Amino acid sequence: MRARAFLAVLLLALAAALAFACGGGGFDPQSKVDSVRMFGVKVDKPYAKPGDTVTLEVLMTDGRREKPRPLKLFWIPIVCLNPPNDLYYLCFAGAAGDGGASRGPRFFAPGLADAGAADAGVGAAPGGPLAQIPTGIDLGPFLPQGTTFSFRMPDDAIQPRQGTDPYGLALVFNIACAGQVRLAERDPSGGLQQVPIQCTDENGVQLPPSDYVIGISRVYAYETRTNTNPVIEKVTFEGQDVDLQKGIVVERCTAVKRMDCPEKKLDIRVSDASWEENPSDVVEGRALREQIWVSYYSDKGDIDVDARLLFDTTKGRPPGDNDVKFRAAPDPGRGTIWAVVHDNRGGKAWVVVPVTIQ
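Quick caveat, the model's predicted, so the values are computed rather than measured. (Residues numbered from 1 in each chain as written. Predicted model: local features only at pLDDT ≥ 70, side-chain atom pairs only at ≥ 80, totals over all residues. Heavy atoms only, no water.)

(A) Up close: the sheet that holds strand S18 (residues 264–270). In spatial order, the strands read S16-S15-S18-S24-S22; together these five strands make up an open sheet with antiparallel pairing. The sheet terminates laterally at strand S16 (240–241) and strand S22 (301–303), the two strands that pair on one side only. Looking at chain direction, strand S15 (residues 232–237) and S18 are connected through five bridges and run antiparallel. Of the residues in S18, the one forming a bridge with Lys-234 is Arg-269. (Pairing = 2+ DSSP bridges. Helix = DSSP H or I, 4+ residues; strand = E, 2+ residues; numbered from the N terminus.)

(B) The arrangement of the nonpolar core in detail. Leu-171, Phe-173, Ile-175, Val-195 and Ile-197 are the most contacted members of the largest nonpolar core, which totals 31 residues. If you list the elements that add at least two residues to this core, you get helix H2 (90–93), strand S11 (164–177), strand S12 (180–183), strand S13 (197–200) and strand S14 (212–221). Ranked by residues supplied to this core, first place goes to S11 with six residues. Apart from the residues lying within four places of it in its own chain, the contact partners of Ile-197 are Ile-76, Phe-92, Phe-173, Ile-175, Val-181, Arg-182, Leu-183 and Ile-214. Core analysis: the second largest hydrophobic core is formed by 28 residues, Phe-237, Val-270, Val-324 and Val-355 among them. (Core = buried A, V, L, I, M, F, W, Y, C linked by side-chain atoms within 4.5 Å. Buried < 20%, exposed > 50% of the residue type's maximum accessible area, 1.4 Å probe, protein only. Contact = heavy atoms within 4.5 Å.)

(C) Local environment of the confidence of the model for the chain. Here the chain averages 86 in pLDDT, while 84% of its residues score no lower than 70. Confidence over residues 1–19 falls short of pLDDT 50; this stretch has 27 contacts with residues more than four positions distant or in other chains. Counting interchain partners and residues more than four positions distant, the pLDDT-below-50 stretch residues 95–101 has eleven contacts. (pLDDT = per-residue confidence, 0-100.)

Okay, here's the thing in C-alpha cells:
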C-alpha cells in the first residue's frame, strides 16, 4: 500500500508540474533549481463563491547562473471563464478550435466590464479578447507585474455540469520571463494545445526554456463546497525544529562521489485539520478525504526524492518516516530549500528555508 500511495503522489506531482505549460525544461530532477522556476501559485480561496475577490500569489525564483536580463512576473489581465470541457487551450482557440461544437468561454478583465458575454466565441474571432491582443510586440509595459494578482469571481460564474455538482472555472495565465513578453501567431500545425505566449529577447527571438515559465492557474467556484489551503505547522532538520528566519547550516560535502555525501533528514509537518473531506471523491456512498503531498526544491544541494505523501485519501498520515534526505553542495555559500505542500483540490502552502553551506 505504501508503494502504491507513493506512486500516486508522484503522478500528482507530475500533474502539478504540467500545470506550468512551458519553460524550466530539462531532464534534471524536479528538485534541482538552476533555471527560472515557478514552484506554485497559491489561491487564497481555492474554492471561491460567486462575488468573492480571489487573490493569487506566486512562489518563484531565478536559479540561472548568468542573468543578462532580470526576471519579472507578468500576468495576462484577461480571465478566461468556463472554457468548453475545462480545456485551457480553448481560451486561445475559442469555439472555432473545437470545430464549433461547443460554445466558447467568457472573458473578463479585473476592474473592467465583462469582456465577453455568454456567447463569446460564437460568431466572434476564435479566442475572444485574447486573440485580439497584437502579436509580435513587447507587451511588458502594458501587463500587470508582481507576485500577486486579484480578480472578482463573477456572480454568474457557476454553470450546470454533467455528472457532478454545478461549478465555475476561472483560468488565469501568467509568465515568469527574463525578457520581453509577446503573443505569437498560433501555429496551424501545432495542434490545439498551444499557449501562444512567448518570452523573447529585445529582437523578438524566443529565449531558451531556462529563462521562462508559463503558468496556468485554475480557480473553482461552488455555491456550497469549500476548500482551504493546507496549514504547515513546522519544518524539521535532523529532528530539530527549524527557525525559518535563520534557516539551516550544513557542512559542505567533500566526498568525491555525490552518493557518498552525508545525508541530512528534512521533514515537514502539516496540521490534521488540513486533511479535509473531498465531496467529489465518493466511494460506496462515503466521501474520501484529500490527498496531500509536499514537493521539495533546492539550489544548493541535492534531495533524494522530489515529493513525499503526507496524507492518503483513506488512511491519513503514512506510517513510518516521512522525511527526505538532503546532501549539501560541495562549494560553500548561501542557498535555499523550497517546500511546497499541495492538496488534490488545488490547495497550496509553502515554506522557504535559507541554507548556509560552510
